[in-house]
Amino acid sequence: MSARPVSVPSVSVPPGTVLLSGIVGSTAYGLAHAGSDVDRLGLFAAPTERFHGLHRPAESQVTTAPDRTLHEAAKWCRLALGCNPTASELVWLPDDLYEVRTPLGEELIGIRRSFLSARAVRNAYLGYATQQFRKLRTRDTSDPASRARAAKHARHLVRLLDQAVRLHEAGHNLVRLPDPERVRELGERIADDPDRAERSLTAAADRLDRPGVLPDRPDERPADAWLRRVRTAHWTPAA
């Protein structure tokens, strides 16, 4: 599903410091419907001079209406090294979903595989999927609104498990789902039978316990070198 036309909202970071930004969430996955929100995620570089004072700059900026989250470059790197599913997808988006893509942002996309590790993928993705399972269990499916929320939790669970297995076995995160209808249909079935989700979690955990293509630990060196280039590029000595 292609992204619907949207305007780029203004952000409260210094001009020229957003390095990479794009549309994420249900639009990126191909699961959006007519009433879906458009979620944006990005990262920015705070002026290097601001790290030298008593108070460090804010590490994240979150706005609603429009929905947008921006992480400072160092925080994003820490999240990505832990394979945080939400933050990590920023460097795996289809080309048409990027709204800001600077040279430093392009470099980050180029080193995206260095952030991956088998242990972190397993812990982060299974952890997030398990959270969705717990939320699913609390929904009263006899109420239509609650039933719809249960199906949404189930879709997220299926997506997270699919992404985890693909990362583990192929070293690639396919953000735009190859078969969104399958995820929708399976989400509906899981909402009616939550035990199916438990079986899916067990099956995914079994596959993630087998040998895969990812190293046990990420390679932090490319991220560290990239972040130093960011700090150099955004250094303006105070008067």
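Along each chain, the written sequence defines residue order, and numbers are assigned to residues from 1. Reporting in this predicted model follows two pLDDT cut-offs: at least 70 for local features of residues, and 80 or more for side-chain atom pairs to be given and counted; totals over whole chains, interfaces and linings ignore these cut-offs and use all residues. Note that the side-chain values use all heavy atoms of the structure and ignore hydrogens as well as water.

So, about the overall build of the protein chain. Counting from the N terminus, the helices are DSSP H or I runs at least four residues long and the strands are E runs at least two residues long. The helix and strand inventory of the protein chain stands at nine helices and five strands. Written out in order from the N terminus, the α and β elements of the protein chain read β-α-β-β-β-α-α-β-α-α-α-α-α-α. Against the 2.2 N^0.38 benchmark of 18 Å for 239 residues, the protein chain shows a C-alpha radius of gyration of 19 Å, consistent with a compact globule. Summarising its shape, the C-alpha atoms of the protein chain cover approximately 65 × 40 × 35 Å along the three principal directions. Classification of the 239 residues of the protein chain by burial places 47% in the buried group. Two residues qualify as a contact provided that any one of their heavy atoms is within 4.5 Å of a heavy atom in the partner residue. When contacts within the protein chain are restricted to residue pairs at least 6 apart in sequence, those whose partners lie at least 24 apart make up 76%. Accessible surface is estimated by sampling points in the Shrake-Rupley manner with a 1.4 Å probe; for residues, cover comes only from the protein chains shown. When the accessible surface of the protein chain is totalled, it reaches about 12100 Å², and 52% of it is carbon and sulfur. Neither His nor the chain ends contribute to the count of charged residues, in which Lys and Arg are positive and Asp and Glu negative. To locate a charge, take atom NZ for lysine, CZ for arginine, CG for aspartate or CD for glutamate. Each charge class in the protein chain can be summarised by its mean position, and for the 35 positive and 30 negative side chains these summaries are 2 Å apart. It is over C-alpha atoms that the radius of gyration is taken, and the globule rule equals 2.2 Å times the number of residues to the power 0.38. Buried means the residue's accessible area, taken with a 1.4 Å probe over protein chains only, is under 20% of the maximum for its type, while exposed means over 50%, and partly exposed covers the values in between.

Our next topic: the pairing of strand β3 (residues 60-63). Examined bridge by bridge, β3 and strand β4 (residues 67-72) share four bridges and lie antiparallel to one another. By the bridge assignment for β4, T63 is matched with R68. Counting the residues between successive antiparallel strands, the hairpin from β3 to β4 contains three residues, one of them, A65, with a positive phi of roughly 50 degrees. At least two bridges found by DSSP between two strands are what make those strands a pair.

Further remarks concern helix α5 (residues 118-138). Multiply 1.5 Å by the residue count of a helix minus one, and that product is the helix's expected span. The end-to-end C-alpha distance of α5, which contains 21 residues, comes to 30 Å, matching closely the 30 Å that a straight helix rising 1.5 Å per residue would cover. Turning to α5, its buried residues are A120, V121, A124, Y125, L126, A129, Q132, F133 and L136. As for α5, its buried residues are in contact with α2 (73-81), α3 (85-88), α6 (144-170), α7 (180-192) and α8 (195-209).

pLDDT gives the predictor's per-residue confidence on a scale running from 0 to 100. Taken as a whole, the protein chain shows an average pLDDT of 91; of its residues, 92% reach a score of 70 or greater. For residues 1-11, every residue scores under 50 in pLDDT, and the model assigns this stretch 26 contacts once sequence neighbours within four places are set aside.

Turning our attention to the state of the cysteines. By convention in this document, the label disulfide applies to cysteine sulfur atom pairs within 2.5 Å. Under the defined criterion, the tally for this structure stands at zero disulfides. The closest cysteine sulfur to the non-disulfide-bonded C77 is located on C83, 13 Å from its own sulfur. Residue class for C83 comes out buried when judged on its relative accessible area of 1%.

Right, let's talk about the side chain of T17 for a bit. Inspection of the secondary structure assignment puts T17 in the segment before β1 (18-24). Those residues in contact with T17 that lie beyond four places of it in its chain are L43, F44, A45 and H234.

Turning our eyes to something else, we now look at the pattern of salt bridges. One speaks of a salt bridge when a side-chain nitrogen belonging to Lys or Arg is within 4 Å of a carboxyl oxygen belonging to Asp or Glu. By the definition in use, this model includes 20 salt bridges. Note that R147 is salt-bridged to D192, the shortest N-O span being 3.2 Å. With R147 in helix α6 and D192 in helix α7, the pair connects residues that are 45 residues apart, well separated along the chain. Owing to a relative accessible area of 58%, D192 belongs among the exposed residues under this scheme.

What follows deals with the sheet that holds β3. Taken together, five strands build an open sheet; the order of strands is β3-β4-β2-β1-β5 and the sheet is mixed. Edge positions in the open sheet fall to β3 and β5 (98-101), since each of these has one partner strand only. Pairwise comparison of adjacent strand axes, ignoring direction, gives a mean angle of 10 degrees for this sheet. Where strand β2 (residues 39-44) lies against β4, six bridges are found, and the strand directions are parallel. Here an angle of 0 to 180 degrees is reported between the N-to-C directions of two axes, which are lines fitted to C-alpha atoms, with helices fitted over the stretch in contact.

To continue, consider the nonpolar core. Put simply, buried Ala, Val, Leu, Ile, Met, Phe, Trp, Tyr and Cys residues joined by side-chain atoms within 4.5 Å make one nonpolar core. Among the nonpolar cores identified, the biggest contains 65 residues, and L43, W76, L90, L108, F115 and W226 are the most heavily contacted of them. A per-element tally of this core places α6 first, with 10 residues. When near neighbours in sequence (up to four residues on either side) are disregarded, L108 contacts L43, W76, V91, F115 and W226. Counting residues in hydrophobic clusters, the runner-up holds five residues, among them V18, A46, F51 and L70.

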